[in-house]
Protein chains: 2
Amino acid sequence: MHGADDRFERIQVAPAYQQVAEAIEREILAGHLTPGERLGTEADLVRQFGVNRSTVREGIRLLEQSGLIRRDQSRRLFVSLPRYNRLATRMSRALVLHQVTFRELWEASMSLETATVEAAAERASPEDIAELEDNIAKMETAPDSQAIAELDNDFHAMIARISRNRVLQLAREPAGLLFTPTLKIILDEVAVAGRRNLEAHRKIVDACRRHDIETARLWMQRHITDWRRGFEKAGQQLDDPVERTYVQHMGLGGAYR
Amino acid sequence: MHGADDRFERIQVAPAYQQVAEAIEREILAGHLTPGERLGTEADLVRQFGVNRSTVREGIRLLEQSGLIRRDQSRRLFVSLPRYNRLATRMSRALVLHQVTFRELWEASMSLETATVEAAAERASPEDIAELEDNIAKMETAPDSQAIAELDNDFHAMIARISRNRVLQLAREPAGLLFTPTLKIILDEVAVAGRRNLEAHRKIVDACRRHDIETARLWMQRHITDWRRGFEKAGQQLDDPVERTYVQHMGLGGAYR
DNA sequence: ATTATCCATTTGTCCGACAACCCAATGTTG
DNA sequence: CAACATTGGGTTGTCGGACAAATGGATAAT
């Protein structure tokens, strides 16, 4: 039946559990609930919203996943700031599911990492430099390629933190996460990769210590270019999409805990 | 009671609803469930996992929020690719909650937008150019500053799409979203802002048509610098954190629907 | 063949219940 | 009196069952 041509669109009512989540999210974004603050108990929310506890719980799960609320060891709920690495993990997964290519990854990282290292070179403190040098020292004595790849990831994350720019920090993280597994492969396949990697890190730290922005950028460019060369030397195809396996091992652990 | 010194750490069991979510997510990441595919009914999942329906539903809410599964108009569940703008919205919110400053935003955008426009200038097709020109035409006749600000956001999103680099596209989006409200303010406060904005867009499209990467980058730099000048002329402080109000109006609508 | 009607499924919501767990207040012991 | 052990109330995680509303598909009527 189509009746007379319809005059009205259907009125949509969001399910109650969504409304619960939206209401709480609004309070958080409005600043009426601040990070660290306790959210009431489930019973409280049941009373306030006038819905069943199951409904409240479903709403809470939405917020829990978005990182706006978390549970402490006592499992009680409190408001929380969404964590960067959680968001970055989600983005990495999305990128993989969308089958982005290594070329896209490389191109983006070239801009993001150079921009980041420029800011870091400008702002690095002696403490920052010490931390970076510690990372390099660890890498020099790292037992295997897996450890080196992880330390490399740490290094770039440190640079991002030192940039004192959280927008850049968040923007570079997803691509950074996807590099780690490839670096391990490269280290296993290309003999010089480890040495060149370390050299670039050293030069970058040197430049940061001297606040030499130009040199820092230059060496970061070389560093990212090296990755590409190594990637191709290891027999990988730049226009292949990032394989799904790269996120599987990233572990679901962090995602819901 | 502390007894003898404990030999074992406590065994952690994740709640059943988390395990449900993780199990389904694993299947998706492993490729056994592909986007578009129907997930079983709740009753199916109850049977397979051997848990209560409430538990299954809580697990589903986690995945729903992460964008890995969605409900079609019939409310049945199917596997889905996480959407960029959903992720970008979340990131924008996180940035605001972390109280990033406009300076961070500006600095990051300067790198991200220039990198994006370089790639776009290299790869823009005639159809892409036509779309950009259409956007400019609309902006020339836009009724108010709100409309212009939104068209500006569209323009930059188009450039990102034209870059054919989804990593860059995703990386620039969160910062881009936070610019829109400020641009409206600038347009209202600074007389020349609208004209300069349009001029920059025109020059950028011109450069893209000619695949003139250098010029495209140059005008994007000017464009972003103009934003900063306008922002300061409008009496705003670059080192203030982005206000919470900037995300509230972004609407929760998209977040859970 | 197209339209209208009916029925089985499925989701959203509710109710009630209970074990495991956490925290704090209480009592106990050196 | 202080440190410890115990107890009890409150909270979360999970379960079972129930029902209205909405949906999709099958069936009947035009």
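Above this text is the structure in question.
Residues numbered from 1 in each chain as written. Chains lettered and ligands numbered in written order. Predicted model: local features only at pLDDT ≥ 70, side-chain atom pairs only at ≥ 80, totals over all residues. Heavy atoms only, no water.

Draft legend 1. Expanded view of the overall build of chain A. Counting its regular elements, chain A contains 12 helices and 2 strands. Along chain A, helices (α) and strands (β) appear in the sequence α-α-α-β-β-α-α-α-α-α-α-α-α-α when read from the amino end. Referenced to the eigenvectors of the C-alpha coordinate spread, the extents of chain A come out at roughly 70 × 50 × 35 Å. Across the 257 residues in chain A, those meeting the buried criterion constitute 53%. Contacts in chain A between residues at least 24 apart in sequence constitute 73% of all its contacts with a sequence separation of at least 6. By element, 48% of the accessible surface of chain A is carried by carbon and sulfur atoms, the whole surface being about 12,300 Å². The average position of the 37 basic charges and that of the 39 acidic charges among the side chains of chain A differ by 4 Å. (Helix = DSSP H or I, 4+ residues; strand = E, 2+ residues; numbered from the N terminus. Buried < 20%, exposed > 50% of the residue type's maximum accessible area, 1.4 Å probe, protein only. Contact = heavy atoms within 4.5 Å. Areas by Shrake-Rupley, 256 points an atom, 1.4 Å probe, with all protein chains shown as cover. Lys, Arg positive; Asp, Glu negative; His and termini not counted. Charge placed at Lys NZ, Arg CZ, Asp CG, Glu CD.)

Draft legend 2. Representation of the interface of chain B and chain A in the model. The interface of chain B with chain A comprises 60 residues on the first partner and 60 residues on the second. Across the chain B/chain A interface, buried area totals approximately 5,700 Å², and carbon plus sulfur atoms make up 62% of it. Arg-93 of chain B is the salt-bridge partner of Glu-25 of chain A, the closest N and O atoms lying 2.1 Å from each other. Inspection of the chain B/chain A interface yields 26 residue pairs in polar contact (both at pLDDT 80 or more). Elements supplying a minimum of two residues to the side of chain B that touches chain A: helix 1 (16-29), helix 3 (53-66), helix 4 (84-97), helix 5 (102-123), helix 8 (166-189) and helix 11 (245-248) of chain B. When residues in the side of chain B that touches chain A are grouped by element, the largest group, 9 residues, is from helix 5 of chain B. Partitioned by chemical class, the residues of the side of chain B that touches chain A number 32 nonpolar, 10 polar and 18 charged. (Buried area = accessible area lost by both parts, 1.4 Å probe. Salt bridge = Lys/Arg side-chain N within 4 Å of Asp/Glu carboxyl O. Polar contact = N/O pair within 3.5 Å; in protein donor to acceptor, adjacent residues only side chain to side chain. Nonpolar A, V, L, I, M, F, W, Y, C, P; charged D, E, K, R; others polar.)

Draft legend 3. Region of the structure containing unusual backbone geometry. In this structure, Arg-164 of chain A is a non-glycine residue whose phi angle is positive, near 55°. Position of Arg-164 of chain A among the secondary structure elements: in the loop between helix 7 (145-162) and helix 8 (166-189). With phi around 60°, Gln-99 of chain B is a residue other than glycine that occupies positive phi space. Relative to the assigned elements, Gln-99 of chain B resides in the loop between helix 4 and helix 5.

Draft legend 4. Spotlight on the relation of the copies chain B and chain A. Overlaying chain B on chain A yields an RMSD of 0.1 Å, the required transformation being a rotation through 180° with an accompanying axial translation of 0.0 Å. Here the two chains are linked by the operation of a two-fold rotation axis. Take the interface residues of chain B: 100% of them recur as interface residues in chain A, which is what a same-surface contact looks like. (Least-squares fit on C-alpha atoms with pLDDT ≥ 70 in both.)

Draft legend 5. Main features of the pattern of salt bridges. Counted under the stated rule, the structure contains 54 salt bridges over all chains. Residues Glu-64 of chain A and Arg-61 of chain A are paired through a salt bridge, measuring 2.5 Å at the closest nitrogen-oxygen approach. Linking Glu-64 of chain A with Arg-61 of chain A, this pair stays in helix 3 (residues 53-66), spanning 3 residues, or about one helical turn. Each member of the pair, Glu-64 of chain A together with Arg-61 of chain A, is buried. Two residues, Glu-232 of chain B and Arg-228 of chain B, come together in a salt bridge whose shortest N-O distance is 3.9 Å. Linking Glu-232 of chain B with Arg-228 of chain B, this pair stays in helix 10 (residues 213-233), spanning 4 residues, or about one helical turn. Under the relative-accessibility criterion, Arg-228 of chain B is labelled partly exposed at 23%.

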